[in-house]
Amino acid sequence: EEQEEDVLRELRLFLRNITERLSLDRRFKAFTKPVDIEEVPDYLMVIKKPMDLSTLLTNIDQHKYVTVGEFMADADFIWKNALEYNPDSDPMDRNIRHRACALKDTVRAIIRDELDEDFERVCEEIRESR
Ligand SMILES: O=C(C1CCC1)N1C[C@@H]2C[C@H]3C[C@@H](O)[C@@H](O)[C@]2(C1)O3
């Protein structure tokens, strides 16, 4: 009903705000757009579910997420993919992994600090009702 759409509208505002703040953080520039498959031809052989911040934003606008948990599951692919594809000891890989870990920690800190548990519970009730 209308109240449910009001909740989901507020969810999308919250998720857009998080995603835009992450996209503005210079540490996370490599995560803002999909990995360029022309530049990295074997990427899709290694990484089964590519994800990036611009795709998160598109998904939000397409009403893909009904809970914060669903959003976090996709956001987690961004840093997990980076750790998986860039495992080597060279400085480039290490720098990417450091930023991937910073992204993981930053998403979790924002949600811990800014998500009301009761709000997420209301979103989960809506999800289960659909
Ligand atoms: O995994 C990634 C992104 C970094 C976080 C996501 N890439 C795979 C390639 C390996 C490494 C070097 C560049 O060739 C560049 O193409 C990529 C992009 O970084």
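Located above this text is the structure these notes cover.
Asker: Help me understand the environment of Arg-112 in this model?
Answerer: The residue Arg-112 is located in helix H5 (residues 91-114) in this model. Of the residues examined, Arg-112 reaches a relative accessible area of 61% and is grouped as exposed. Here Asp-113 takes part through its side chain, which lies 3.0 Å from a polar atom of the side chain of Arg-112.

Asker: Help me out: how do you make sense of the site of the ligand in this one?
Answerer: Looking at the ligand, the residues that line it are Ala-30, Phe-31, Val-35, Glu-39, Val-40, Tyr-85, Asn-86, Met-92 and Ile-96. Here an oxygen atom of the ligand and a side-chain polar atom of Glu-39 are 2.5 Å apart. Between the ligand and Asn-86 there is a distance of 3.0 Å, counted from an oxygen atom to a side-chain nitrogen or oxygen. In isolation the ligand has 410 Å² of accessible area, and contact with the protein removes 75% of it. When the residues that make up the shell around the ligand are grouped by side-chain class, the tally is seven nonpolar, one polar and one charged.

Asker: Before we go on, may I ask you to explain the nonpolar core in this structure?
Answerer: In globular proteins that are soluble, nonpolar side chains generally tend to be buried together. Ranked by internal contacts, the top residues of the largest apolar core, which has 32 residues, are Leu-15, Leu-22, Phe-31, Leu-56, Val-68 and Leu-103. Mapped onto this core, the elements with two or more residues apiece are helix H1 (2-24), helix H3 (53-61), helix H4 (68-85), H5 and helix H6 (117-128). The contacts of Leu-15, once residues within four sequence positions are left out, are Ile-60, Tyr-65, Val-68 and Phe-71.

Asker: What's the story with the pattern of salt bridges in this structure? I'm lost.
Answerer: A side chain of one charge can pair with a side chain of the opposite charge if their charged atoms are brought near each other. Under the counting rule described, the total for this entry stands at 13 salt bridges. A salt bridge links Arg-27 to Asp-25; the nearest nitrogen and oxygen atoms lie 2.7 Å apart. Beyond isolated ion pairs, a larger network of salt bridges with shared partners links Glu-2, Asp-6 and Arg-9.

Asker: Honestly, the packing of H4 against H5 in this entry has me stumped. Any pointers?
Answerer: Axis angle and axis distance: for two packed helices, these are the angle between their axes and the distance between the axes, and together they describe the pair. Following both chains from N to C, one finds H4 and H5 inclined at 165°, their axes separated by 8 Å at the closest point. Relative to H5, the element H4 is oriented roughly antiparallel. Every pair of crossing elements has a handedness; the one defined by H4 and H5 is left-handed. Taking contact as the criterion, the partners of Val-68, Met-72, Asp-76, Ile-78, Trp-79, Ala-82 and Leu-83 in H4 are, on H5, Ile-96, Arg-97, Ala-100, Cys-101, Leu-103, Lys-104, Val-107, Arg-108 and Ile-111. Considering only residue class, the contact of H4 with H5 consists of twelve nonpolar, no polar and four charged.

Rules used in this analysis
Residues numbered from 1 in each chain as written. Predicted model: local features only at pLDDT ≥ 70, side-chain atom pairs only at ≥ 80, totals over all residues. Heavy atoms only, no water. Helix = DSSP H or I, 4+ residues; strand = E, 2+ residues; numbered from the N terminus. Buried < 20%, exposed > 50% of the residue type's maximum accessible area, 1.4 Å probe, protein only. Polar contact = N/O pair within 3.5 Å; in protein donor to acceptor, adjacent residues only side chain to side chain. Near = heavy atom within 4 Å. Areas by Shrake-Rupley, 256 points an atom, 1.4 Å probe, with all protein chains shown as cover. Nonpolar A, V, L, I, M, F, W, Y, C, P; charged D, E, K, R; others polar. Core = buried A, V, L, I, M, F, W, Y, C linked by side-chain atoms within 4.5 Å. Contact = heavy atoms within 4.5 Å. Salt bridge = Lys/Arg side-chain N within 4 Å of Asp/Glu carboxyl O. Axes fitted to C-alpha atoms, helices over the stretch in contact; angles between N-to-C directions. Parallel < 35°, antiparallel > 145°, perpendicular 65-115°, else oblique. Left-handed = near helix turned anticlockwise from the far one by under 90°.

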